[in-house]
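Read off the chains here:
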Amino acid sequence: MSRLPQSYEGVAVCCPVTVPYVRFSPESAHWWAGAALQALAAHTGLRPAGIDGFCFASFSAVPDTVVGMVQHLGLCPRWMDHIPTGGASGVMALRRAARAVQAGDAELVVCLAADTNHVDSFRQTLAGFSRFSQDAMYPYGFGGPNATFALMTDHFMRAYGVGRESFAKICMAQRANALSNPHALMKRPLSFDEYMSSRAICDPVHLLDCVMPCAGAEAFIVTTPEKAEAMGLKAVSIKATIERHNAFASDPIQTRGGWAQDVDRLWAAARCEPEDMDMIQFYDDYPVIVAMQMEDLGFCRKGEVAAFIERHDFTIAGTLPLNTNGGQLSAGQAGAAGGFQNITEALRQLLHCPLGAQIPQARRALVSGFGLVNYDRGVCTGAVVLEGPVSHE
Ligand SMILES: CC(=O)CC(=O)SCCNC(=O)CCNC(=O)[C@H](O)C(C)(C)COP(=O)(O)OP(=O)(O)OC[C@H]1O[C@@H](n2cnc3c(N)ncnc32)[C@H](O)[C@@H]1OP(=O)(O)O
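Residues numbered from 1 in each chain as written. Predicted model: local features only at pLDDT ≥ 70, side-chain atom pairs only at ≥ 80, totals over all residues. Heavy atoms only, no water.

Participant: Sorry if this is basic, but what is going on with the overall build of the protein here?
Facilitator: Counting secondary structure elements, the protein contains 14 helices and eleven strands. Relative to the 2.2 N^0.38 estimate, which gives 21 Å for 393 residues, the radius of gyration of the protein is 19 Å and therefore close to what a compact globule would have. For the protein, the C-alpha atoms occupy an extent of roughly 55 × 45 × 45 Å along the three principal directions. Considering only contacts within the protein whose residues lie at least 6 apart along the sequence, 77% involve residues at least 24 apart. About 15,600 Å² of surface is accessible on the protein, with carbon and sulfur atoms providing 53% of the total. Charged side chains of the protein number 30 positive and 38 negative; the gap between the two group centres comes to 1 Å. (Helix = DSSP H or I, 4+ residues; strand = E, 2+ residues; numbered from the N terminus. Rg over C-alpha atoms; globule rule 2.2 N^0.38 Å. Contact = heavy atoms within 4.5 Å. Areas by Shrake-Rupley, 256 points an atom, 1.4 Å probe, with all protein chains shown as cover. Lys, Arg positive; Asp, Glu negative; His and termini not counted. Charge placed at Lys NZ, Arg CZ, Asp CG, Glu CD.)

Pasting the structure below:
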């Protein structure tokens with residue numbers, strides 16, 4: 001194993017905010033970003049002049065990038081970054097902001113993801129998504145990620161003996177978790193029969209394997225422990241992170257993500273193990289990707305995920321709480337903010353200020369990201385181990 005990265009000493013992560021999601025919004029992504037900044041201000045008293053770092057992710061802010069957003073929001077940072085990696089953007093924003101703070105390039109970085117959802121905006125996003133998809137998928141009638149993930153799900157199920165009942169268990173647990181989250185778009189319990197009989201979208205992917213596109217925003221602050229304390233903010237620390245892009249490119253179909261390449265480094269740097277996690281907040285564009293993360297991040301061996309899922313209870317009161325706000329599958333997918341919601345939810349659980357039900361004694365979380373389906377697979381992966389303040393109760 002190559003040299004482990006420098007620790008994240010001197011970095012504090014705090015103040016998770018979620019702007020409640022709505023299925024459709026007439027507002028722009030810029031409006032949603034402003035709403036997130038307002039929510040941060042309401043929690044902390046933070047004004048634009050106090051923000052010297054800004055990290056931004058969005059699909060629907062086009063043609064603007066972080067530059068346009070900085071001007072729109074009236075910020076004047078000395079450090080900024082734009083993270084165009086969808087479901088991996090939260091972990092990546094956290095990593096970059098942490099190093100900027102550690103290096104002294106910024107003292108307080110706001111990491112923010114915002115997306116709107118007009119009636120036609122998801123279709124428009126897909127239409128211009130990538131050169132790969134325009135050239136190599138759409139001419140053959142592919143309509144976006146649902147079709148790509150149908151192929152991956154079908155292969156994964158056959159290769160590793162996973163049935164739809166395993167995915168049902170993931171989706172039902174996440175829905176149970178969502179019921180205490182006032183912002184979750186899905187408000188009713190999900191039964192096994194309802195999951196199994198939901199309409200096919202692109203077999204074997206059915207309606208309840210898919211996220212619902214919506215509008216929303218998520219944000220959090222990365223700063224120094226001293227600054228967090230001066231602002232009266234409780235904060236968590238970063239134990240370790242990983243990031244990888246275009247891993248295993250010669251695999252004919254995706255059965256593993258970049259996590260599998262870096263998982264040993266993650267746990268070595270974190271000085272703990274999967275068994276030490278009080279929760280897992282995994283990117284959940286489809287339940288097959290949740291199952292893949294369970295394997296690739298070391299919770300079970302490849303090919304053993306069906307038995308692993310069978311053995312565990314993923315509800316908030318269960319043996320391994322998973323996506324405790326309901327995840328995107330039950331809370332909604334607000335574009336790139338969907339790649340931030342697992343970080344904000346982990347922070348809330350570790351800081352003991354949840355939106356819904358609290359995991360008792362929650363102290364450590366594994367958050368994982370997966371993003372950008374350019375063509376036939378998710379290209380970007382990342383993960384972070386977070387540890388909360390020592391005593392809460
Ligand atoms: C971004 C990254 O980095 C990586 C990724 O995340 S890849 C994933 C990106 N996201 C997606 O691809 C979005 C996936 N979802 C979809 O494509 C669509 O929701 C879908 C095709 C599954 C359904 O769309 P549709 O058939 O047009 O349904 P629509 O007409 O909107 O709604 C019909 C009904 O289904 C419900 N519905 C729609 N989507 C739903 C969903 N995902 N889950 C549950 N119910 C849903 C609606 O509430 C509506 O119910 P009512 O009639 O009771 O009001």
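We are not done yet, so read on.
Participant: Any chance you could explain the state of the cysteines here in plain terms?
Facilitator: Simply put, the disulfide is a covalent bond whose two ends are the sulfur atoms of two cysteines. Throughout the structure, instances matching the rule amount to zero disulfides. Left without a disulfide partner, Cys 76 is nearest to the cysteine sulfur of Cys 55, which lies 17 Å away. No disulfide involves Cys 210; its nearest neighbouring cysteine sulfur is the one of Cys 202, lying 9.1 Å away. Exposure remark for Cys 210: the relative accessible area of 13% places this residue in the buried category. (Disulfide = S-S within 2.5 Å. Buried < 20%, exposed > 50% of the residue type's maximum accessible area, 1.4 Å probe, protein only.)

Participant: For this particular structure, what's the right way to read the sheet that holds strand 10 (residues 364-373)?
Facilitator: Strand pairs in the sheet, formed through backbone hydrogen bonds, run parallel or antiparallel to each other. On the basis of which strands lie adjacent, the open sheet formed by nine strands has the order 3-2-4-7-1-8-11-10-9 and mixed pairing. Each of the sheet's edge strands pairs with one partner strand only, and the pair in question is strand 3 (79-82) and strand 9 (279-282). Taken pair by pair, the neighbouring strands of this sheet meet at an average axis angle of 20°, ignoring direction. (Pairing = 2+ DSSP bridges. Axes fitted to C-alpha atoms, helices over the stretch in contact; angles between N-to-C directions.)

Participant: How should I be thinking about the pairing of strand 3 in this particular structure?
Facilitator: Along any regular strand the residues' side chains alternate between the sheet's two faces. Taken together, the four bridges between strand 2 (residues 53-57) and strand 3 define a ladder with parallel strand orientation. The residue of strand 3 that forms the bridge with Phe 54 is Met 80.

Participant: Hey, could you run me through the packing of aromatic side chains in this one?
Facilitator: Working definition: an aromatic ring pair is given by the centre-to-centre distance plus the angle between the planes. For the coordinates displayed, the defined rule picks out 13 aromatic pairs. Plain terms: the ring middles of Phe 156 and Tyr 160 are 5.0 Å apart, the flat faces sit at 75° to each other, and that makes the pair edge-to-face. Of this pair, Phe 156 and Tyr 160 both sit in helix 6 (residues 145-160), four residues apart, roughly one helical turn. Accessibility expressed as a relative area gives 0% for Phe 156, which makes it buried. (Phe/Tyr/Trp six-rings, centres within 6.5 Å; stacked < 30°, edge-to-face > 60°.)

Participant: Before we go on, may I ask you to explain the pattern of salt bridges in this structure?
Facilitator: Once their charged atoms are close, side chains differing in charge can pair, the charge on each being opposite to the other. Here the structure, examined in full by the defined rule, presents 17 salt bridges. Close ionic contact of Arg 96 with Glu 243 constitutes a salt bridge, the shortest N to O distance being 2.8 Å. Of the two residues, Arg 96 is situated in helix 3 (residues 89-103) and Glu 243 in strand 8 (residues 235-245); the sequence distance between them amounts to 147 residues. With a relative accessible area of 17%, Glu 243 lands in the buried category. A salt bridge links Arg 348 to Glu 345, with the shortest nitrogen-to-oxygen separation between them at 3.7 Å. Of this pair, Arg 348 and Glu 345 both sit in helix 14 (residues 341-351), three residues apart, roughly one helical turn. Exposure remark for Arg 348: the relative accessible area of 5% places this residue in the buried category. Relative accessible area serves as the criterion here: at 2%, Glu 345 is assigned to the buried category. (Salt bridge = Lys/Arg side-chain N within 4 Å of Asp/Glu carboxyl O.)

Participant: What is the right way to look at the domain arrangement of the protein in this model?
Facilitator: The figure often quoted for interface size is the accessible area lost as the parts come together. Taken domain by domain, the protein consists of domain 1 (12-120 + 215-230) and domain 2 (142-211 + 237-387). Placing a centre on the C-alpha atoms of domain 1 and another on those of domain 2 gives a separation of 23 Å. Listed per partner, the contact involves 37 residues of domain 1 and 35 residues of domain 2. Taken together, both faces of the contact between domain 1 and domain 2 bury some 2,700 Å²; the carbon and sulfur share is 74%. When the buried area of domain 1 at its contact with domain 2 is split by residue, Pro 16, Tyr 21 and Val 91 rank highest and sum to 24% of it. Joining domain 1 to domain 2, the criterion identifies two salt bridges. Glu 243 is paired through a salt bridge with Arg 95; the nearest N and O atoms lie 2.9 Å apart. Our enumeration of links across domain 1 and domain 2 arrives at nine residue pairs in polar contact (both at pLDDT 80 or more). Broken down by secondary-structure element, the contributors of at least two residues to the side of domain 1 that touches domain 2 are strand 1 (12-22), helix 3, strand 4 (108-115) and strand 7 (215-223). (Domains from an automatic or database assignment. Buried area = accessible area lost by both parts, 1.4 Å probe. Polar contact = N/O pair within 3.5 Å; in protein donor to acceptor, adjacent residues only side chain to side chain.)

Participant: Any chance you could explain the site of the ligand here in plain terms?
Facilitator: Near the ligand, the surroundings consist of 23 residues, among which Arg 23, Asn 146, Val 211, Tyr 283 and Gln 333 are the closest. Cys 210 has a polar backbone atom sitting 3.0 Å from a nitrogen atom of the ligand. Gln 333 places a side-chain nitrogen or oxygen 2.8 Å from a nitrogen atom of the ligand. Contact with the protein chains covers 66% of the free accessible surface of the ligand, which is 1,000 Å². Those elements that provide at least two residues to the shell around the ligand are helix 6 and strand 10. Among the elements that make up the shell around the ligand, the one with the highest residue count is strand 10 (three residues). The residues that make up the shell around the ligand include at least three from each of domain 1 (12-120 + 215-230) and domain 2 (142-211 + 237-387). (Near = heavy atom within 4 Å.)

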